[in-house]
Amino acid sequence: MKIAFFDTKEYDQQSFEPYVKNGIEFQFYDTKLCEATAELARGADAVCVFVNDDVNAAVIEKLCSFGIGLIVLRCAGYNNVDLAAASGKIRVARVPAYSPHAVAEHTMALLLCSVRRIHKAYNRTKDFNFSLNGLTGFDLYGKTMGVIGTGKIGKALIEICRGFGMNVLAYDKYPSEATGARYTELDELFCESDIISLHCPLTPETEHLIDRDSIEKMQKGVVLINTSRGALINSEDLLEGIKERKIGAACLDVYEEESDLFFEDFSGHIVNDDTLARLITMPNVIVTSHQAFLTEEALSGIAETTVSNILDYFEGRELENEVCMRCGNAENRIEEPAPIGAGV
Ligand code: NAD
């Protein structure tokens, strides 16, 4: 079994090394999968992709013409795969859960860093500047956190917030009983929350869920956190909200135009994305580059499930983690509307 891995870094390769013995040959490419690079997969039996690979209809057509029958995602989100184009031609499997705690803990790390100005204090003390001016934060205890999307990561974050003595409001299209949070309508969550954290998938319905209109409904000084998918937020509207002093702080692990930038070193280059550049210059914005998943536990969980998906397919077992337009598994079934094709 020859698997072509796209968009890989050293840490990916290390986490898959223990599985070479299973008769799987890994071909690691650091380039992303797109129409121009799909040729690299010729001769492989399956491809393995990550969040910013662009698995659109043209790429799927090429993969099928090479006789490839399986796309395995090293991630939970699958908005970058055109499932309609894949339907009936090529099968797609993902890693539905790999340490939701990794992402939930990074979310809280961003929040604490932002509201206690840890990033500023770190830089100051490195320069022997022990002044506290401008570092005043606020307590999380007693504040209201609004969690949008109460799946695995949302639930893990709710538990963390409850440990901090926060009130938690939640919104989910499919509310779940066991969260310990109070479900509200989206508008109430926007109005009542001191902090809002996004944990729903990117679909046409959730694209730009945070825009000028929703920001208008929020409290002055609200803290926005996005560790889910960039296009949940309209970045231009976010920037306006910050400039108007409506948004108190933004913590972004994802960005809607991240695919050509994140995971690479652009220090020393001129970055052409003016919106991202302006966001980064804001004193109340923290950006991490899609790093929330990056823990040892999550990487080994991703490798284990990905290899198990590959073996299930090639050894003729049921593909438990399949995502498709009409999969029977309710967890993976895609309700209308279909997920967004590519680009995030
Ligand atoms: P999950 O499937 O367990 O939960 C998603 C939740 O969103 C579900 O409860 C679902 O009902 C809800 N939902 C669906 N449509 C909705 C809508 N229109 N409005 C509100 N809620 C809606 O997924 P998860 O494992 O908790 O992951 C959540 C997201 O986090 C993923 O979609 C992925 O994009 C992102 N993620 C990011 C990283 C990272 O490194 N930054 C890592 C893993 C996952």
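Structure: above.
Read on for a plain summary of the structure. (Residues numbered from 1 in each chain as written. Predicted model: local features only at pLDDT ≥ 70, side-chain atom pairs only at ≥ 80, totals over all residues. Heavy atoms only, no water.)

## Describing the overall build of the protein
Line of reasoning, step 1. When its secondary structure is counted, the protein shows 11 helices and 12 strands.
Line of reasoning, step 2. The globule rule puts the C-alpha radius of gyration for 344 residues at 20 Å, and the 21 Å found for the protein is close to it.
Line of reasoning, step 3. Across its three principal axes, the protein shows a C-alpha extent of roughly 60 × 45 × 35 Å.
Line of reasoning, step 4. For the protein, the residues scored as buried account for 51% of the 344 residues in total.
Line of reasoning, step 5. As displayed, the protein has an accessible area near 16100 Å², and 49% of this comes from carbon and sulfur atoms.
Line of reasoning, step 6. Here the protein contributes 32 positive and 53 negative side-chain charges, whose respective centroids are spaced 4 Å apart. (Helix = DSSP H or I, 4+ residues; strand = E, 2+ residues; numbered from the N terminus. Rg over C-alpha atoms; globule rule 2.2 N^0.38 Å. Buried < 20%, exposed > 50% of the residue type's maximum accessible area, 1.4 Å probe, protein only. Areas by Shrake-Rupley, 256 points an atom, 1.4 Å probe, with all protein chains shown as cover. Lys, Arg positive; Asp, Glu negative; His and termini not counted. Charge placed at Lys NZ, Arg CZ, Asp CG, Glu CD.)

## Here we look at the packing of helix α4 (residues 100–115) against helix α6 (residues 152–163)
To describe two helices that pack against each other, one gives the angle between their axes and the distance between the axes.
Line of reasoning, step 1. Contact pair α4 / α6: the axes reach a minimum separation of 8 Å and the direction vectors enclose 50 degrees. Between α4 and α6, the angle is such that the two are oblique. In this structure, the crossing between α4 and α6 has a hand that is right-handed. Contacts from P100, H101, V103, A104, E105, T107 and M108 in α4 reach K152, I153, A156, L157, I160 and C161 in α6.
Line of reasoning, step 2. Its residues placed into classes, the contact of α4 with α6 shows nine nonpolar, two polar and two charged. (Axes fitted to C-alpha atoms, helices over the stretch in contact; angles between N-to-C directions. Parallel < 35°, antiparallel > 145°, perpendicular 65-115°, else oblique. Left-handed = near helix turned anticlockwise from the far one by under 90°. Contact = heavy atoms within 4.5 Å. Nonpolar A, V, L, I, M, F, W, Y, C, P; charged D, E, K, R; others polar.)

## A look at the site of the ligand
Line of reasoning, step 1. In the vicinity of the ligand, 23 residues are found, and the nearest of them are K152, I153, D172, T227 and D253.
Line of reasoning, step 2. Within the backbone of G151, a nitrogen or oxygen atom sits 3.3 Å from an oxygen atom of the ligand.
Line of reasoning, step 3. Contacts to the ligand include K173, whose backbone N or O atom sits 3.4 Å from a nitrogen atom.
Line of reasoning, step 4. For the ligand, whose unbound accessible area comes to 860 Å², protein coverage reaches 88%.
Line of reasoning, step 5. For the shell around the ligand, the per-class residue count stands at nine nonpolar, eight polar and six charged. (Near = heavy atom within 4 Å. Polar contact = N/O pair within 3.5 Å; in protein donor to acceptor, adjacent residues only side chain to side chain.)

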